[in-house]
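Descriptive structure summary
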Amino acid sequence: GEQLAAFRTLDGQAYVIDTYCPHLGANLAAGGRVVGNCIECPFHGWQFRGEDGKCTRIPYAEKVPDFARVRTWPSCEVNGMLLVWYHCKGAGPTWAVPEQREIATKEWVFRGQTEHLVDAHIQEIPENAADKAHLAFLHGPAILGGSDLRYIRSKLWDFMKHTWKAEWQPELEPNEHCSRLLVQHTATVFGKHVSLMDLTVSARQVGPGLVFLIFEHAFLGRGIILQTVTPLEPLLQNVVHKIYYQKNVPAIIPKFILRAECIQFERDITIWNNKQYLPKPLLVREDSRIQKHRRWYAQFYSEKSMRLPVQKEGLDW
């Protein structure tokens, strides 16, 4: 629900600030311009410093009041993304986002991205990692069957099946804000194992909304999909997947991987967009990781986390 403006100063530094000018509420991101290390308001020309948000110039005033400033947001640039730290109490960053060496050194190059809007609570999306049972049922049918759940079990594509083996674990201190999912993917055609489609995926969740999915294939090399989940509203998430892959591998390979991932992800979206969150789900012994994941994810909430007055418990707003 926050409105932010991002800009890059002439020295190359990127900053994120509240988008509305505290003077008369003009939108700094709509018509504002960069002047030195400041952003200039398009309405009256007030200039705000990116570093601390302080107003440094008012063209028609003799003096700039000390209290004239716009709120700044902690941010960093890593892995080709500008990331903003959000804390409902205003506390500063308590951990840093790791740099993926192969992206920084350009061994892996950008090969495309997908973007989806998901009508669900932000916690629903990462919880998939701990839900082993849904992998075989929802993601077992061939990707050629598409993402429409009414047709993914079509007999036309029944000759091909995906098999997933997955194990999810939270990390220990000092990385308790991280968790790991190791996935082994195999495929069968007419019941026979096709080794060409063997794939190992290591997924590392960093905080509540960032995932590093590293792919390793015996012949097709290595790459990464960066998943970001940004809450736009309480029950509306913007999910972006960006793929970086070895530059010596033809671009069609990572684009196929991204397309396959997109089809599988859209199967999940149909579930998320229509499901209800159950604070006390009816689980069997094999579902134990789901409760473990919920306990791990609870660290990202605090007493001031946004809730509606009608909410008694859980996430069902």
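Residues numbered from 1 in each chain as written. Predicted model: local features only at pLDDT ≥ 70, side-chain atom pairs only at ≥ 80, totals over all residues. Heavy atoms only, no water.

A word on the sheet that holds strand E4 (residues 38-40)
Filter applied, for reference: Strands were regarded as paired on the criterion that DSSP finds at least two bridges between them. To qualify as a helix, a DSSP run of H or I must reach at least 4 residues; to qualify as a strand, a run of E must reach at least 2; elements of each kind are numbered from the N terminus. In this analysis an axis means a line fitted to C-alpha atoms, helices contributing only their contacting stretch, and an angle means the value between N-to-C directions, from 0 to 180 degrees.
Across the sheet, 4 strands lie side by side as E3-E4-E5-E6; this open sheet has antiparallel pairing. Lying at the two open borders of the sheet, with one neighbouring strand each, are strand E3 (33-35) and strand E6 (55-57). Pairwise comparison of adjacent strand axes, ignoring direction, gives a mean angle of 40° for this sheet.

Observations regarding the UniProt feature "domain: Rieske" (unreviewed entry) in the protein
Where we set the bar: UniProt positions are given in the numbering used here, feature names are shortened, and annotations may be inferred rather than shown by experiment.
The UniProt feature table records "domain: Rieske" (unreviewed entry) at residues 1-84. With 0% helix and 38% strand, the stretch residues 1-84 has end C-alpha atoms that lie 14 Å from each other.

Observations regarding the domain arrangement of the protein
Inclusion rule: Just so you know, the domain bounds were taken from an automatic or database domain assignment.
Domain boundaries assigned for the protein yield domain 1 (4-73) and domain 2 (103-295). For domain 1 versus domain 2, the distance between C-alpha centres works out to 40 Å.

What to know about the sheet that holds strand E2 (residues 14-18)
Strand order in the open sheet made by the 3 strands is E1-E2-E7, with antiparallel pairing throughout. If you trace the sheet from one side to the other, it starts and ends with strand E1 (4-8) and strand E7 (72-73), each paired once. Here E2 pairs with E7 via 2 bridges, running antiparallel. Within E7, the position partnered with Ile-17 by the bridge is Thr-72.

What to know about the packing of aromatic side chains
Stated formally: Working definition: rings of Phe, Tyr and Trp (its six-membered ring) pair if their centres are within 6.5 Å, and the pair is stacked with planes under 30 degrees apart, edge-to-face with planes over 60 apart, and tilted otherwise. Note on classification: 1.4 Å probe, protein chains only; a residue is buried when its accessible area is under 20% of the maximum for its type, exposed when over 50%, partly exposed between these limits.
For the coordinates displayed, the defined rule picks out 13 aromatic pairs. Ring centres of Phe-265 and Trp-272 lie 5.3 Å apart, and the angle between their planes is 65°; on these two criteria the pair is classed as edge-to-face. Judged by centre distance (5.4 Å) and plane angle (85°), the ring pair of Trp-296 and Phe-300 falls under edge-to-face. Assessed through its relative accessible area of 8%, Trp-296 is described here as buried. Relative accessible area serves as the criterion here: at 23%, Phe-300 is assigned to the partly exposed category. Put simply, the rings of Trp-168, Trp-296, Tyr-297, Phe-300 and Tyr-301 touch in pairs and so form one group of aromatic residues.

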